[in-house]
Each structure stands twice: as C-alpha cells, then as structure tokens.
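Here are the chains, one letter per residue:
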Amino acid sequence: VTSNLSIENSLSSRTSIPQSPPSVHHPIQREIRFGNFTYPYVVADNGWSSLGTTLAQLNVDRFFVVADAGIPAHLRERVKRTLASVAPSVVIDLKSTERRKRLSVVADLAEEFIREGATRRSCVVALGGGLVGNVTGLLASLLFRGIRLVHLPTTLLAVSDSTLSLKQAVNAGDIKNALGCFYPPVLVWSDIRILQDLPASHVRGALCEVAKNVLAIVPERYDELVSLARPNADYSQAELIRIIDLCITAKSRVMVHDACEVRSGLVLEYGHTVGHAIELTSGGSVSHGYAIGLGMLVAAEISVKLGHLNRNNADKHTEILTRIGAPIQAPADVHRNSVIRCVIHDNKRGYLTTRPTAIPMVLLRSLGEAIHTDGFPLCRVPVKLVSESLDVVYRTCGRT
Ligand SMILES: NC(=O)c1ccc[n+]([C@@H]2O[C@H](COP(=O)([O-])OP(=O)(O)OC[C@H]3O[C@@H](n4cnc5c(N)ncnc54)[C@H](O)[C@@H]3O)[C@@H](O)[C@H]2O)c1
C-alpha cells in the first residue's frame, strides 16, 4: 500500500490529502480542518506498511515516542518496528493515570529526550490513549518551542475524540487540564484492528463522548446511535467506522471556525463540568467517558429544573447511556461533597462573569441546541442547584 498523504513541517503550514475514495486499507482517510489548521487523519486496516511510508515523508532525524505502558506488548513492538524502519527511535513508557498527567512528567520526558539527542528535526510520537496523547502533545508544543507531533491513538476515545482536537494539557491542583495549549499534530493514524481488541469498558466510555456529540451537536443521528449501540460493546469494524465518522462530522461542525473551542466549540464541554469533577474525585476509578456520561445526566437535570429542557429530552440522555451500557449512577465511594468542591474549580470559570456561588455550564434547551449567554454556549448555574441535581446520579442511597 502506498500512502498518498502529504505532510509538511510547520505549525502554520497546510497538510493536504489528495481526495480519494476510502480504500480497504484506509477505511477513513480525511483532512481534518479546524480553523486555519489542517491535518491528515487516517484509520487504517492493518496499515502498518502505509504508516511507515507516510512517516518517511516527515524526513525526521529521530522519533521520540511516549508509549502508553498499558497497551498490548505486540502493538508496542509493531509500532516500534515500523518507526525503526524509518528513523532511529527512542521509546519511553508512561503509566497512564490522571496522577501522572502533570507538568513534572512533561518536564522529565523533555529532559530525557534532550539527553537522547532530540533536535528540531525530531518528531514526538504519542502512542496510547487520550492521556498519553495530551501529555505528549504538550511536550511536543514545548520542546524547542514546538516540534512535530504524531498521534498514534490506541483507544476509541483517543481516536474519536481527543485526537479530533488541538487541545493538549495536563492537570494542576484540583483542576483537570489546567495547564496546556492548542497544538496541531502533523498526522493522526490509528488502526481499526486495535480498536476491535479493546476491553468493552473502554469502548463504552468512548461511546459516552459519542453520545455527547449526538445529544449536543448532531441530534439528527440520535436514532442511528441508539440502534447501533449495545451494552456488550461488541461492534463490527464497519460500525466502529460509522461511530468515528459521526464524531468527525460533529466535531468539525462546531470547530471548523473555532479551532480553540472558545465559542461554538465550547459545546463539546457538555457534561464536563460535573463529569471532570467526578473523574478527579474518583482518582481515575471512574473513566473519563463514564464521568462525562454522568455529568450529562446532571446537566440535563439542571436544565429541566431551570425550565429549559423537557423531560422527554432529558430521558433520552438516560436511554442512550443505557443502550451504550454506561453507568447512570455514581459509585458509592465518589462522595458528592468532594464532587462539588471540584466543580467550583471548573476550567470554564471566567468565560462569563459569575458570582462565587455560581458556575458556567453548558446546558441544552433542546437536543442539539445549547443555551447561550453573552455569546457563549454557557449558562450561569448556582452551585446549590448543581449540588441538588447530583441526586439524579446518587439515587440509590443518601451519600454525602
Ligand atoms: N484533548 C482533548 O480534547 C481530550 C478529549 C477527550 C479526552 N481527553 C483526555 O484523554 C484522557 C482519557 O483518554 P482515554 O479514554 O483514551 O484513556 P487513557 O488514555 O487514560 O487510557 C485508559 C487505559 O487504557 C489503556 N490502553 C490504552 N490503549 C490500550 C489498548 N489498545 N488496549 C488496552 N488498553 C489500552 C491505558 O494504558 C489506560 O490504562 C483523559 O485524560 C482526558 O482528559 C482529552
């Protein structure tokens, strides 16, 4: 297989893919366009040789790979062999936990890569889930003020969400993704076979973000996702491709003129205010996707209580998450008081002027229609109302 991707080396340069019908080997081959940034995005089918051919166009002196310590050994070796066939590679394993998503880890990796001879002609490669992608993306943006970044995402969430974004960040204090920047990759490449081997819980977690896209951006695809979704998370390659395609459509719709997700793209934060708080409070035991699912249930409940969303549309949130097989209740050991303490540090504070007793949240008026305040798809919500609305995910007992 020969790839026809063309890759250039500059933050502002255009990357282009000559239009060609998706082939068997590249079921998805697209140019992602967010604002002025474009990059090639490929989901291949056993396309390791074409990855090598594509990477050879980068003309790098060395690959510096941050490899997720949790990926299957055969996958790590396959990628390592592919990279090594193009240029010398340095691989460092990173344990993927939210506690490791810190600036100190980025600094340690940078020191190591510099010791190993990184130059401006080197390329940083993120091999793993969204967490490794974020840490590595930030590292690429900082090293020599920015060197090339290639994402090789290995989870469905990373393929369908985090690599369809320019956001790179690490956590600081109690705030998720508090330190970061926007930095485009020169290439995103995954393989559909990796995704078919994922544990079911990973796939369900990713589907929660897909559900968010449907509820908040492309409600016309609600019935399609409901009929596709199944709790055992056993999807064919063709179904996974449809799911990824749906995400490309949804994210492109709100990011085509808002690459940095500060206006229309803020809607992608639906469910994230409470979701991030649950994820952080749980210390990672509730995955990102599951936490966002729970966060959307709370956001829908708040919107119903404020008289915006009707109950039928709120129920559609529960229906879709149930079809996916995602939890609709928070675990007992994630205490709601701690969740509220985290919520008030949410990283969307400041978009709107709010009293200390309120926070800005994405809320829906109806499916696909966010409520706007001062031009932002955000709503001022009293923290007290968030606290009361947590009831919807803490129904099974009166925990505090
Ligand atoms: N930049 C963005 O726009 C954006 C969007 C969504 C999520 N994120 C971030 O992404 C992270 C979540 O990403 P995630 O859901 O991919 O989780 P993750 O990166 O934390 O990975 C979850 C687990 O899966 C393991 N893993 C990775 N690939 C695997 C494979 N092929 N087979 C088996 N196990 C594998 C990892 O080792 C880890 O234990 C969060 O930190 C979140 O903040 C960023």
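Summary of the structure given here. (Residues numbered from 1 in each chain as written. Predicted model: local features only at pLDDT ≥ 70, side-chain atom pairs only at ≥ 80, totals over all residues. Heavy atoms only, no water.)

On to the pattern of salt bridges, then. Considering all chains together, one arrives at 25 salt bridges under this definition. One salt bridge connects D45 with R193, and the closest N-O pair in it is separated by 2.7 Å. A residue pair is termed long-range when its members are at least 10 positions apart, and D45 in the loop between β2 (37-44) and α1 (48-56) and R193 in helix α6 (residues 192-196) qualify at 148 residues. Residue D45 is classed as buried on the basis of its relative accessible area of 13%. When its relative accessible area of 40% is taken as the criterion, R193 is described as partly exposed. Of the charged contacts in the structure, one is a salt bridge between E98 and K176, with a shortest N-O distance of 3.0 Å. One end of the pair, E98, is in the loop between β4 (89-94) and α3 (103-115); the other, K176, is in strand β8 (residues 175-182), with 78 residues separating them in the sequence. Pair check on accessibility: E98 and K176 agree, each one buried. A cluster of three or more residues bridged by salt bridges with shared partners is formed by R30, R221, E224, R242 and D245. (Salt bridge = Lys/Arg side-chain N within 4 Å of Asp/Glu carboxyl O. Helix = DSSP H or I, 4+ residues; strand = E, 2+ residues; numbered from the N terminus. Buried < 20%, exposed > 50% of the residue type's maximum accessible area, 1.4 Å probe, protein only.)

A word on the pairing of strand β7 (residues 167-172). Judged from the five bridges that link them, β7 and β8 form a sheet pairing that is antiparallel. For K167, the partnering residue across the bridge sits in β8 and is F182. Here β7 hands over to β8 after two residues, with G173 in that stretch at a positive phi of 55°. (Pairing = 2+ DSSP bridges.)

Bringing unusual backbone geometry into the picture now. Most peptide bonds are trans, and most residues other than glycine sit at a negative phi. In the Ramachandran plot, N46 falls in the positive-phi region, its phi being about 55° despite a non-glycine side chain. If you trace the backbone, N46 turns up in the loop between β2 and α1. The phi dihedral of N177 is positive, around 55°, even though this residue is not glycine. Relative to the assigned elements, N177 resides in strand β8.

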